[in-house]
Amino acid sequence: MTYPFGAVVGMDDMRLALLLNAVSPAIGGVLVRGEKGTAKSTTVRALAAVLPPVAVVPGCRFACDPAAPDPACPDGPHEPGAPAQTRPARLVELPVGASEDRVVGSLDLERALTEGVKAFEPGLLAAAHRGVLYVDEVNLLHDHLVDLLLDAAALGTAYVEREGVSVRHAARFLLVGTMNPEEGELRPQLLDRFGLTVEVAAPRDPAVRAEVVRRRFAYDADPAGFAAAWAGEEAALAERIAGARARLPHVVLSDAALQQVTAVCAAFDVDGLRADLVTARAAVAHAAWAGRDEVTEDDVRVAARLALPHRRRRNPFDAPGLDDDTLDQALEDSRPEPGPDEDPPPPPDGPDDDGGGAPPPRDDTPRADGDPSPAEEGRSRDDGPPDEGEGRGGAPAGERAAVAPSDPFRARRLEVPGVGAGAAGRRSKARAERGRVVGSVRPNGPVTRLHLVGTVLAAAPHQTARGRTGPGLRVAREDLRQATLEGREGNLVLFVVDASGSMGSRARMGAVKGAVLSLLLDAYQRRDKVGLVTFRGADAGLALPPTWSVEAAAARLRELPTGGRTPLAAGLLRAADTLRVERVRDPQRRPLLVVVTDGRATGPRGTDALGAAHAAAQRLAADGTAAVVVDCESGPVRLGLAGVLGAHLGAQTLRLEELAAESLAATVRSVREAA
Ligand SMILES: [Zn+2]
């Protein structure tokens, strides 16, 4: 028994975005961003019940429409005029850990080879055809699967190919993804392929909050009774969706309305024409939803608010958002003005258009009614308020301002030695579902990637015994060999950063922060989890527990104050504790410790701070923790203590300057020249 869609309180943008897609699936799906506990999933799951039912060919596993069956249907061909069966629209959930076979379906290679039969087991894409495909935590889904989904959603077709055997079938569905941005962002190139995005937050109005709780209590106490009480509301919604769908083809998008769409897209500096198309489609759907036959300015405004926030050019660490004032201005400027003395609209003010290299505009100032989260505060501090422009304005007066990081660079790939078995990523070598073929084994379950040479070699000795006379090889099931693949995994990159006074000048600390920021950007691209331990003064702290949110890590780093004593041992022990907990929580994810230090350690008089640090390092090495020491020592006289620490850790030691990807080539060159 799902919670009724009509009973969801608040979440107005989200509900509207879902309904518009239900009216016009061509809009391209919805991405919902918001923290935990905002009923995102409840709302999505409730949608299926208000979607119009679908007519299907009985027995077809691919949900063919009897009026227009898929000519390529693997269960076809279907007789024209076959009996129809009506069933509710389906909502299919795609779990984050799903394999590619589970998503697109699997071909039975064993039967193909031994019996010559093309046997296809449909996947989730087939199940979702003509319904809703829902991915919770879509930001944690592997890139490759997200690509598959978005391709299928765009083409309306799923395609599976294994060793030359292929199957194609229709897969048109409303794609809905939900995510918690604190657990990591979706890469921008995937973000913009969702038609609409909405941000959700818990309602702030106490009366609304109370109503949420009241309804939830009523539902939990008696789900069936609650659903019955809302049945009328649900039926009305379903009817309104069906009505809007019928109206949709007749809605007129006038030239004037289209001009407003393009003007708004231009005002927000979005890439490509997709934004204009999606905005136009959403505006048309909104008009149909509102029962109008013509698109109005209000439709364009609503559509822009849902279609544009995630399409603006931005850095990976910028949060989506759309400034209402800019939107109002763009709509007003592009409004067709009736009257005799018609002036051309004034050109938009601002810097030269398409000036090469000019930074993208930053007008995503927080809305007055929103309370900025700590991460947002960190971001806006970094960007600076629009009026104050440059500088690190925003740090409270009187408090020692944190040193700003220097500009990030492209970091070289640091990796964990050996071959892991962690979740797919782009850092260290791992056994994987995709990648380079490195060998063959007897399959442990159905064969998904056939190793041809291995299979032939296994079959060869048995040919006489099997009575082979002609040219063909006689292959039996037990001959089949599965290819083993080596790809890359993501890791947990735990930074241990010395923030003490020993790190020298502010400029040096800026360079150190810049280097760690560069490594964080690199971790974001390699799908790593990251964590941050810092030490200074009396103790070490876990500034950021392991998270997917590189954005949060960057914010903590920027705010990190520096100075004081250097408790290196405490920092390393804190790291060891953190890794111990993570090993229980996520045992397959191998950690990489990145210790950013000059190798010095100080403590209260009479203690051997350096000896304690080296003992802690040895303990980490004994646990088998892979580590890299980034040597931050500078100045004419060098002690080389970071190298000593690296030796105790069993780690590679790199100088800060060697972290850039470019410097690797330079290092190789200098080594060659010296030889
Ligand atoms: Zn079919």
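Scroll up for the structure.
Presented here is an overview of the structure given in this document. Given the structure is predicted, the values throughout are model-derived calculations rather than measurements.

**A short note on the coordination of the zinc ion**
Line of reasoning, step 1. In this structure, Cys 60 (SG), Cys 64 (SG), Cys 73 (SG) and His 78 (NE2) serve as the protein donors to the zinc ion, at separations of 2.1 to 2.3 Å.
Line of reasoning, step 2. Geometry at the zinc ion is tetrahedral, judged from the 4 donor atoms that bind it and their angles of 107 to 115 degrees at the metal.
Line of reasoning, step 3. Within one chain, the residues serving as donors to the zinc ion are arranged as C-x3-C-x8-C-x4-H. Placement of the pair is Cys 64 in the loop between β2 (54-56) and β3 (85-87) and His 78 in the loop between β2 and β3, with a sequence separation of 14 residues.
Line of reasoning, step 4. Take Cys 64: its relative accessible area is 3%, and that puts it in the buried class.
Line of reasoning, step 5. Given the relative accessible area of 19%, His 78 is considered buried.

**Quick notes on the pairing of strand β17 (residues 539-547)**
Line of reasoning, step 1. With 6 bridges joining them, strand β16 (residues 529-536) and β17 adopt antiparallel strand pairing. By the bridge assignment for β17, Leu 532 is matched with Leu 544.
Line of reasoning, step 2. Hairpin remark: β16 followed by β17, antiparallel, with 2 residues in the connecting loop; positive phi at Gly 537, about 65 degrees.

**A word on the environment of Ser 634**
Line of reasoning, step 1. Its location among the elements puts Ser 634 in the loop between β19 (626-631) and α21 (641-649).
Line of reasoning, step 2. The spacing of Ser 634 and Arg 655 is 21 residues in sequence and 9.6 Å in space, taken between C-alpha atoms.

**Some points on the sheet that holds strand β14 (residues 482-489)**
Line of reasoning, step 1. In spatial order, the strands read β12-β14-β13; together these 3 strands make up an open sheet with antiparallel pairing. Here the strands that pair on one side only, and so sit at the sheet edges, are β12 (424-432) and β13 (436-441). Mean inter-strand twist for the sheet, computed between neighbouring axes without regard to direction, equals 30 degrees.
Line of reasoning, step 2. Inspection of the sheet shows β12 paired to β14 by 6 bridges, in the antiparallel sense. Its bridge partner being in β14, Ala 430 is matched across the sheet by Gly 487.

**Quick word on the packing of helix α17 (residues 506-525) against helix α18 (residues 550-559)**
Line of reasoning, step 1. Look at α17 against α18: their axes get within 10 Å of each other, and the N-to-C directions meet at 175 degrees. As summarised for this structure, α17 and α18 are arranged roughly antiparallel, according to the angle between their axes. In contact with Lys 513, Val 516, Leu 517, Leu 520 and Tyr 524 of α17, α18 contributes Val 550, Ala 553, Ala 554, Leu 557 and Arg 558.
Line of reasoning, step 2. Residues of the contact of α17 with α18, tallied by class, amount to 8 nonpolar, no polar and 2 charged.

About the cut-offs
- Residues numbered from 1 in each chain as written.
- Predicted model: local features only at pLDDT ≥ 70, side-chain atom pairs only at ≥ 80, totals over all residues.
- Heavy atoms only, no water.
- Donors = N, O, S within 2.8 Å, 3.2 Å for Na, K, Ca; no water.
- Tetrahedral: all angles 85-135°; square planar, octahedral: opposite > 155°, others 65-115°.
- Helix = DSSP H or I, 4+ residues; strand = E, 2+ residues; numbered from the N terminus.
- Buried < 20%, exposed > 50% of the residue type's maximum accessible area, 1.4 Å probe, protein only.
- Pairing = 2+ DSSP bridges.
- Axes fitted to C-alpha atoms, helices over the stretch in contact; angles between N-to-C directions.
- Parallel < 35°, antiparallel > 145°, perpendicular 65-115°, else oblique.
- Contact = heavy atoms within 4.5 Å.
- Nonpolar A, V, L, I, M, F, W, Y, C, P; charged D, E, K, R; others polar.

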